[in-house]
Amino acid sequence: MTRIYVPRDSAAVSVGADDVARMLEEALAARGASVEIVRNGSRGMLWLEPFIEVETPNGRVGYGPVTVEDVGPLLDAGLLDGGAHALCHGPVDQIPWLASQQRVSFARVGVHDPLDLDDYRASGGLRGLQRALTMPDDEICADVLASGLRGRGGAGFPAGIKWRTVMEAEADQKYVCCNADEGDSGTFADRMLMEGGPFALLEGMAIAGIAAGATKGLIYVRSEYPAAIRTLRTAIDIARVDGWLGDDVLGSGRAFDLRVVEAAGSYVCGEETAMLESLEGKRGMVRPKPPIPALQGLFGKPTLVHNVLTLSAVPAILADGAAAYQALGFDRSRGTQVFQLAGNIARGGIVELAFGVTLRELVLDYGGGTANGRPLRAVQVGGPLGAYLPGDTLDIPMDYEALAAAGGLLGHGGIVVFDDTVDMAAQARFAMEFCAVESCGKCTPCRIGSTRGVEVIDRITAGIDRDRNLVLLEELCETMTDGSLCAMGGLTPLPVRSALAHFPEDFHRAPEATEP
Amino acid sequence: MSAYAPGSAEAVRSVLSALPADERLILPALQRLQESFGYIPDGAVDAVADELNVSRAEVVGVLTYYHDLRQTPPPAVVVQVCVAEACQAQGVRELLRGIEGEYAVAVGKRTVAGDVEFDKVYCLGNCALGPAVMVNGHLVGRCDTRRLRTAIEAAR
Ligand SMILES: Cc1cc2nc3c(=O)[nH]c(=O)nc-3n(C[C@H](O)[C@H](O)[C@H](O)COP(=O)(O)O)c2cc1C
Ligand code: SF4
Ligand code: FES
């Protein structure tokens, strides 16, 4: 039977994938064609969504962006045989945008029905967990360390060191907590992975649990991601029935079980200690460190905290060996990074590549520049706490150290493109406003400083005592950087200062020319 | 819980006594109440404090901390508009002006226009297909006033 793939990913659905699937079903029934419609994850070519694929003897052929109105004409053009049409992109495996990527974490996303465990197994799934179950715990940790895997949540801390710390801690209960709060604007890779490849995350967590000696895992998912929450819960049920989560993981006699916890709308709860407070049902206030969560985390017990992408990279590392993963990358940034191209960009989506690719290659070669064709003026890398970089200095290799040297940070790998209509003073103001809204309130520089920051920028753009207020803004930034407990207050000055440094003219415009 | 009037003291107790063991914590208790009634009813603070054996102040602390928790019933349609950077770059300011023109509200923290509530949020994870909006939990990509109108109609 012919198979047609229509993504179930929220981004695809947000531009009509469900309607297209429904229309296809009706049209195929009317034509008496027996076709199976598979709801896969998204390939991450988001500008082509809804992107549908047809299985043919020559591989899967893709079409997009498909609207409800296109369905009839596509079927007339021989869609079921991969027929030619203006929306046809040919064999999906040969689309250069996709074929040139080095997909490890996203290898399966968009290829299968995310909840089809047979497909997962057939494509190498569970090999990592099986191998881990035959290894001593310290060797699993050593493998993760040797792979060079660093935390993908933002801080880039070597994962293997954390694993060993939790493994060596003595306690009656330990936990693995997956940070799926994905609060950074411009990022959506965690969501797409949870919706499009949940088994890899569950397997990664099971491996982590086995290695660290933790029997319980929690996935803290932001409430803005209802589809991810549903998919994960179903995937967990399937894995339990299949016997690789629960009291006796794959017959090993070892226990590991998982539970999804829905967050409640707080950016700071993505900070790991605030997340732990929230998981304990309390206000999401940041805890001072030490103690580190690896020693005293959830309910005071040793806890391994990792981002979705960090944990999802683990099955491949265990299955194919640390060396294969370590072989990818650049300098001290090993493996691949899942970049997310967003904002005003012609070809937005998921680009997974080894570290070291330049910002120019990502934004211009993959991204195709701005969506509306206007000149590209600024790029914000690394979420709301990341720096604004000018559009004419994109030759920066994307790895942790090179970005830091360029005054930025990689964060969760989000890249947001702005055209020449952007008002950088307004962007700086927004950074301060966001901090004021989302601050957990524990430290004065963050809580009060950000509110003052908004006022000071307003005075600057209004032309009131500009020079004095620019000095004041710089002092505020310094106080926030030095006097904040976590990166919320500590890094908010980064977008502000980078906007000031690279786009000073926006702070010196005639008052009436600036947007309110 | 359908045996009791929604939001009544009995209904609240019935939700709380059904909490599974690992959700006998303040935030999950409040979330389950909101799931059942659409909001956290009056009197829930005392009931949660009693049930979980914590102080009233702790419950209020959690209730007022999280943006998702609400103490009044939601209107028929809840529209969350992403105002974060990637959506700014894709024209959310224009969408906000359009909403202001059509519904006569400035989108802020839960501003209400008739049976529609507009709420500013920061990122819905749809940053390559912005402006992104969520209408009663359904994500709308490349949102303009026309697409928003359709989504609001469908949600009513
Ligand atoms: C304000 C703030 C927000 C954060 N938000 C997230 C988030 O949404 N997701 C995430 O994985 N890490 C986030 N982090 C980083 C976490 O504190 C932590 O470093 C990370 O979850 C560790 O996982 P990793 O080792 O896999 O990176 C945030 C940090 C700060 C300071
Ligand atoms: S810097 Fe801000 S968010 Fe972080 S702990 Fe201090 S007040 Fe809370
Ligand atoms: S920034 Fe608007 S959806 Fe992410």
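As the structure is a prediction and not an experimental result, all values here were calculated from the model. (Residues numbered from 1 in each chain as written. Chains lettered and ligands numbered in written order. Predicted model: local features only at pLDDT ≥ 70, side-chain atom pairs only at ≥ 80, totals over all residues. Heavy atoms only, no water.)

What follows concerns the pattern of salt bridges. All names here are of chain A. The full count for this structure, using the stated rule, is 45 salt bridges over all chains. When the shortest N-O distance is used, the salt bridge between Arg429 and Glu433 registers 3.7 Å. Pair noted here: Arg429 and Glu433 are both in helix 17 (residues 424-438), with a separation of four residues, about one helical turn. Residue Arg429 is classed as partly exposed on the basis of its relative accessible area of 26%. (Salt bridge = Lys/Arg side-chain N within 4 Å of Asp/Glu carboxyl O. Helix = DSSP H or I, 4+ residues; strand = E, 2+ residues; numbered from the N terminus. Buried < 20%, exposed > 50% of the residue type's maximum accessible area, 1.4 Å probe, protein only.)

Residue and element names in this part refer to chain A. Residues in contact with ligand 1 amount to 18 residues; listed here are only the nearest, Gly153, Lys162, Glu272, Asn307 and Thr310. Backbone polar atom of Glu182 to an oxygen atom of ligand 1: 3.1 Å apart, as the coordinates give it. Isolated, ligand 1 exposes 610 Å² of accessible area, and the fraction of that covered by the protein chains is 91%. Listing elements by their share of the shell around ligand 1, those giving two or more residues are strand 9 (303-307) and helix 20 (487-491). (Near = heavy atom within 4 Å. Polar contact = N/O pair within 3.5 Å; in protein donor to acceptor, adjacent residues only side chain to side chain. Areas by Shrake-Rupley, 256 points an atom, 1.4 Å probe, with all protein chains shown as cover.)

What follows is about the packing of aromatic side chains. The tally for this structure, following the rule as stated, stands at 13 aromatic pairs over all chains. Pairing Trp47 of chain A with Trp97 of chain A gives two aromatic rings, centres 4.8 Å apart and planes at 65°, and the pair type is edge-to-face. Taken as a pair, Trp47 of chain A in the loop between strand 2 (35-38) and strand 3 (52-56) and Trp97 of chain A in helix 4 (residues 96-99) lie far apart in primary sequence, 50 residues in all. Considered together, Trp47 of chain A and Trp97 of chain A belong to a single accessibility category, that of buried residues. Centre to centre, the rings of Tyr65 of chain B and Tyr66 of chain B are 5.0 Å apart; their planes meet at 80°, and the pair counts as edge-to-face. Its relative accessible area of 15% is what places Tyr65 of chain B among the buried residues. Given a relative accessible area of 2%, Tyr66 of chain B falls into the buried group. Following the ring pairs from residue to residue traces out a cluster consisting of Tyr267, Phe430 and Phe434 of chain A together with Tyr122 of chain B. (Phe/Tyr/Trp six-rings, centres within 6.5 Å; stacked < 30°, edge-to-face > 60°.)

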